[in-house]
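# Analysis of the macromolecular model
What follows is each chain in one-letter form.
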Amino acid sequence: MQTRQLGSQGLTISAIGLGCMGMSEFYGAGDEAESIATIHRALELGVTFLDTADMYGPFTNEKLVGQAIVDRRDQVILATKFGNERSQDGKFLGVNGKPEYVRQCCDASLQRLGVDYIDLYYQHRVDPTVPIEETIGAMAELVQQGKVRYLGMSEAAPGTIRRAQAVHPISALQTEYSLWSRDPEDEILPTVRELGIGFVAYSPLGRGFLSGQIKSLDDLAPDDYRRYSPRLQGENFNKNLQLVERVQQIAAEKQVTPCQLALAWLLAQGQDIVPIPGTKRRQYLEENVAAVDVTLTPEELARIDEVAPKGFAVGDRYPDMSTVNR
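Remember, it's a predicted structure, so these values are computed and weren't measured experimentally.

Right, let's get into the nonpolar core. Among the nonpolar cores identified, the biggest contains 84 residues, and Leu18, Ile39, Leu50, Leu173 and Phe199 are the most heavily contacted of them. Ranked by the residues each element gives to this core, the list is headed by helix α8 (residues 258-267), at eight residues. For Leu50, the contacting residues outside a window of four places in its chain are Leu18, Cys20, Ile39, Val65, Ile69, Val76, Ile77, Leu78 and Ala79. In this structure, Ile13, Ala79, Tyr202 and Val274 belong to the second largest nonpolar core, which totals 14 residues.

Here it is in structure tokens:
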């Protein structure tokens, strides 16, 4: 497995990570045994970077990840997040960036994960009611206390990132980025590159749509939140399917899967980019990991740009689950 560096503070991780969210929520029923086996297989394949958050489950995904790594903590770069506040029954309560809440969340995450420290701690979403300096200041205290090694942000705007970086070095920004969502190329990527911050791409497979396996909403479980995604509604679905078919054609010619092509494209966008495709099955994990060995020529990259230009996808992307029940 190749490695990549996030930021300039020394955080080195596998070139592809594993998003663990879907193991506990949002994508239909989970299978705990298979999920744990998938995490173990990821570590065997050299995937050291595991991504979770307190809100996934809610609160159960961290426990699952903790259970999976209990006897192999030294093999893992563990990332979790705070900021999307949920009640025990799953209701979304809003975004919270208050310093006291930051401290409470970190202690709770450490307990659920069963670890002494978190490698990368993200603010999941920016709280517009709390100055970013206060939130990052509280996160910096966690670093000083040894509870957290590196700091990250998610879905933050360029100005906010700059203000945060002035308080404490930010090692990673996590934002949705894929052939289906290329918005970060406008302002976000130039900003983090100027500041020396690494970029973690979540939903690198367009929430599974780029796999080509979703031909209609009937292919999704009844409780799969993607049924409500604007991009999968009515005519949007059909137009977006055309993009997938074009990607499938290039993948077939190269004798790789559409997922592998989409991940290889992301990896080719810069050494500072690390995609974290989520899966709860070993089969798909192994397929995704093989993307690190797929090399795209300049001609192939140009062709992909041609068939999947920025702004091609129709419909709003879902920023994240915090908007669903509000």
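Enumeration according to the criterion identifies 19 salt bridges in this entry. Between Arg182 and Glu185 there is a salt bridge whose closest N-O contact spans 2.9 Å. Residue Arg182 is classed as buried on the basis of its relative accessible area of 9%. Judged by relative accessible area, Glu185 falls into the partly exposed class, the value being 21%.

Right, let's talk about the packing of aromatic side chains for a bit. Tallied over the entire structure, the rule returns three aromatic pairs. Here Tyr177 and Phe199 contribute two aromatic rings whose centre-to-centre distance is 5.6 Å and whose plane-to-plane angle is 80°, an arrangement assigned as edge-to-face. Of this pair, Tyr177 sits in the loop between β10 (172-176) and α6 (188-195) while Phe199 is found in strand β11 (residues 198-202), placing the two residues 22 residues apart along the sequence. Each member of the pair, Tyr177 as well as Phe199, carries the same accessibility label: buried. With centroids separated by 5.7 Å and ring planes inclined at 65°, the aromatic side chains of Tyr177 and Trp265 adopt a geometry described as edge-to-face. Taken as a pair, Tyr177 in the loop between β10 and α6 and Trp265 in helix α8 lie far apart in primary sequence, 88 residues in all.

A separate point is the sheet that holds strand β4 (residues 49-51). Read from one edge to the other, the open sheet built from eight strands follows the order β3-β4-β5-β8-β9-β10-β11-β12, with strand pairing classed as parallel. The open sheet has two edge strands, β3 (18-19) and β12 (273-275), and neither has a second partner. Where β11 and β12 come together, three bridges link them in parallel fashion. Counterpart to Val200 in the pairing with β12 is Val274. Contacting β5 (77-82), β8 (118-123) and β9 (148-154), helix α3 (residues 99-113) runs over the sheet at an angle of about 140° to β8.

Another point: the pairing of β10. Counting buried positions along β10 yields five of five residues, so the element is predominantly enclosed. Side chains Ala172, Gln174 and Glu176 of β10 all project onto a buried face; the interleaved residues Leu173 and Thr175 project onto the opposite face, where all are buried too. Sheet topology places β9 next to β10; three bridges connect them, and they run parallel. Note that in β10 the partner of Ser154 across the bridge is Gln174. Regarding topology, helix α5 (residues 158-167) serves as the crossover connection from β9 to the parallel β10, and that connection is right-handed. Pairing of β10 with β11, which is carried by five bridges, proceeds in the parallel orientation. Pairing of Ala172 across the sheet is with Gly198, part of β11.

On inspection of all chains with the given rule, the structure shows zero disulfides. You can see Cys259 has no disulfide; the closest cysteine sulfur is in Cys20, sitting 17 Å from it.

A few words now on the pairing of strand β1 (residues 3-6). Across the two faces of β1 the burial differs, with Arg4 and Leu6 buried and Thr3 and Gln5 not buried at all. With four bridges connecting them, β1 and strand β2 (residues 11-14) associate as antiparallel partners. Residue pairing across strands places Thr3 opposite Ser14, the latter belonging to β2. The loop that links β1 with its antiparallel partner β2 comprises four residues; one of these, Gly7, has a positive phi angle of about 75°.

Attention now goes to the environment of Tyr284. As for its position among the elements, Tyr284 is in helix α9 (residues 282-289). Assessed through its relative accessible area of 24%, Tyr284 is described here as partly exposed. Between the alpha carbons of Tyr284 and Gly97 there is a distance of 35 Å; along the sequence they are 187 residues apart.

Here is what the cut-offs are and how they apply
- Residues numbered from 1 in each chain as written.
- Predicted model: local features only at pLDDT ≥ 70, side-chain atom pairs only at ≥ 80, totals over all residues.
- Heavy atoms only, no water.
- Core = buried A, V, L, I, M, F, W, Y, C linked by side-chain atoms within 4.5 Å.
- Buried < 20%, exposed > 50% of the residue type's maximum accessible area, 1.4 Å probe, protein only.
- Helix = DSSP H or I, 4+ residues; strand = E, 2+ residues; numbered from the N terminus.
- Contact = heavy atoms within 4.5 Å.
- Salt bridge = Lys/Arg side-chain N within 4 Å of Asp/Glu carboxyl O.
- Phe/Tyr/Trp six-rings, centres within 6.5 Å; stacked < 30°, edge-to-face > 60°.
- Pairing = 2+ DSSP bridges.
- Axes fitted to C-alpha atoms, helices over the stretch in contact; angles between N-to-C directions.
- Right-handed = clockwise from strand over helix to strand, strands pointing away.
- Disulfide = S-S within 2.5 Å.

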